[in-house]
Amino acid sequence: MPSDTMPNIGGVIFDLDGVIVDTAQFHYTAWKTLAKQWNYELKINDNEQLKGVSRKDSVAKIAAWAGVQPTTAELHDVATRKNKLYLELCAKLTPNDILPGIANLIEELKENHIKVALGSASKNARFVIEKLGLESTFDVILDGNDVSHSKPNPEVFIKAAAQMKLSQQNCVVIEDAPAGIQAAISAQMLAVGLGDVAELHQADLVLPNAIDLTLSKLKQLYQQIVI
Ligand code: BG6
Ligand code: MG
């Protein structure tokens with residue numbers, strides 16, 4: 001097939017927490033504080049299982065680990081107080097907190113007319129993006145306010161592709177969480193994991209961070225796996 005008629009990457013969908021900025025530590029600190037009210041010492045391994053998971057689902061998981069059965073109103077109250085703490089921690093974010101390699105990759109994609117989307121489970125995504133000075137960067141922003149099903153459900157990525165007016169198969173997802181990689185696979189998108197290969201082994205490619213993640217690397221992977 002001549003190269004100009006070959007299917008190609010049309011858009012890249014970035015997860016936010018753990019991909020663009022290291023807010024996982026803020027989520028952890030805030031949940032750990034709240035879990036204490038149920039006499040539960042939240043561990044770092046627990047936090048791994050909360051990555052990519054919505055606030056509502058996270059609070060339910062923590063209650064189950066703590067062996068408590070709170071009312072719906074109490075679950076809501078804990079989630080609200082966690083969010084207040086989380087936002088206080090996020091208030092100090094600046095553009096210097098954008099993780100290494102991300103700004104360069106986004107710039108390279110835009111120079112090459114590849115669409116750039118945000119696909120986050122967080123309802124605070126727009127606030128965080130503004131703190132990072134990235135509010136005008138994305139062609140499309142989909143966050144926890146725009147979906148009814150949280151990752152690993154692929155809804156957020158499917159909607160992002162539709163809003164970019166791209167086929168799902170022409171999109172690449174960059175994720176740090178197993179739930180996000182699963183969502184990308186279910187959406188039939190190329191899945192790039194940033195983080196620990198043992199956790200993200202289902203991804204098509206896993207790198208420790210985005211420093212060496214370039215458009216040519218993504219294209220090479222796409223040619224190998226999708227075409
Ligand atoms: C994800 C985080 O991006 O967003 C999860 O990885 C978090 O840890 C989820 O629970 C929802 O975020 P928020 O900001 O709406 O509570
Ligand atoms: Mg994430």
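Residues numbered from 1 in each chain as written. Chains lettered and ligands numbered in written order. Predicted model: local features only at pLDDT ≥ 70, side-chain atom pairs only at ≥ 80, totals over all residues. Heavy atoms only, no water.

Could you clarify how one ought to interpret the environment of Val226 in this entry?
Tracing the backbone shows Val226 in the segment after α9 (215-225). Expressed as a C-alpha distance, the spacing of Val226 and Ile9, which sit 217 residues apart in the sequence, is 9.9 Å. (Helix = DSSP H or I, 4+ residues; strand = E, 2+ residues; numbered from the N terminus.)

I tried to follow the pairing of strand β1 (residues 11-14) on my own but got confused; where do I start?
On β1, burial covers both faces: Gly11 and Ile13 on one face and Val12 and Phe14 on the other are all buried. Here β1 runs beside strand β2 (residues 115-119); their pairing, made up of 4 bridges, is parallel. Bridging from a neighbouring strand, Phe14 pairs with Leu118 of β2. With 4 bridges connecting them, β1 and strand β4 (residues 171-175) associate as parallel partners. Across the sheet, the residue bridging to Phe14 is Ile174, located in β4. (Buried < 20%, exposed > 50% of the residue type's maximum accessible area, 1.4 Å probe, protein only. Pairing = 2+ DSSP bridges.)

I would appreciate a short explanation of the site of ligand 1 in the present structure.
Around ligand 1, 15 residues are found, and the nearest of them are Asp17, Val53, Ser122, Lys123 and Asn124. A distance of 2.7 Å separates an oxygen atom of ligand 1 from a polar atom in the backbone of Lys123. Asn124 is positioned with one of its side-chain polar atoms (N or O) 2.6 Å from an oxygen atom of ligand 1. Within the complex, 97% of the 390 Å² of free accessible area of ligand 1 lies under protein. At a threshold of 2 Å from the grid points, most atoms of ligand 1 map onto the largest pocket. Going through the elements one at a time, α3 (55-66) and α4 (72-90) are the ones with two or more residues in the shell around ligand 1. Split into classes, the residues belonging to the shell around ligand 1 amount to 4 nonpolar, 6 polar and 5 charged. Taken domain by domain, the makeup of the shell around ligand 1 includes at least three residues from each of domain 1 (11-21 + 97-225) and domain 2 (24-90). (Near = heavy atom within 4 Å. Polar contact = N/O pair within 3.5 Å; in protein donor to acceptor, adjacent residues only side chain to side chain. Areas by Shrake-Rupley, 256 points an atom, 1.4 Å probe, with all protein chains shown as cover. 1 Å grid on protein atoms, 1.4 Å probe; cavity = no way out; pocket = protein on both sides within 12 Å on 5 of 7 lines; lining within 4 Å. Sits in = over half its atoms within 2 Å of the grid points. Nonpolar A, V, L, I, M, F, W, Y, C, P; charged D, E, K, R; others polar. Domains from an automatic or database assignment.)

Looking at this structure, how should I read unusual backbone geometry?
Across residues other than glycine, the phi torsion is negative in most instances, and most of the peptide bonds are trans. Cis geometry marks the peptide bond from Lys151 to Pro152; its omega dihedral reads 15 degrees. Looking at the element boundaries, Pro152 is found in the loop between β3 (140-142) and α7 (155-163). Not every positive phi belongs to a glycine, and Asn39 is a case in point at roughly 55 degrees. Position of Asn39 among the secondary structure elements: in the loop between α1 (24-35) and α2 (44-50). Despite not being glycine, Gln188 has its phi angle at roughly 60 degrees, a positive value. By the secondary structure assignment, Gln188 is in the loop between α8 (178-186) and β5 (190-194).

How should I be thinking about the side chain of Ser120 in this particular structure?
Within the secondary structure, Ser120 sits in the loop between β2 and α6 (125-131). Using a relative accessible area of 1% as the deciding quantity, one classes Ser120 as buried. In this view, Ser120 contacts Asp15, Leu16, Asp17, Ala125, Leu142, Asp143, Gly144, Lys151 and Val156; residues no more than four positions away in its chain are not counted. (Contact = heavy atoms within 4.5 Å.)

So what exactly am I meant to see when it comes to the domain arrangement of the protein chain here?
For interface size, the figure often reported is the accessible area lost on association. On domain assignment, one finds that the protein chain holds domain 1 (11-21 + 97-225) and domain 2 (24-90). For domain 1 versus domain 2, the separation of C-alpha centres amounts to 24 Å. At the junction of the two partners, domain 1 supplies 13 residues and domain 2 supplies 12 residues. When domain 1 packs against domain 2, the two sides together hide about 1,000 Å² of surface, and 51% of this comes from carbon and sulfur. The tally of links from domain 1 across to domain 2 stands at 0 salt bridges. Inspection of the domain 1/domain 2 interface yields 4 residue pairs in polar contact (both at pLDDT 80 or more). When residues of the side of domain 1 that touches domain 2 are assigned to their parent elements, the largest contribution, 3 residues, is made by α6. In terms of residue class, the side of domain 1 that touches domain 2 is built from 5 nonpolar, 2 polar and 6 charged. (Buried area = accessible area lost by both parts, 1.4 Å probe. Salt bridge = Lys/Arg side-chain N within 4 Å of Asp/Glu carboxyl O.)

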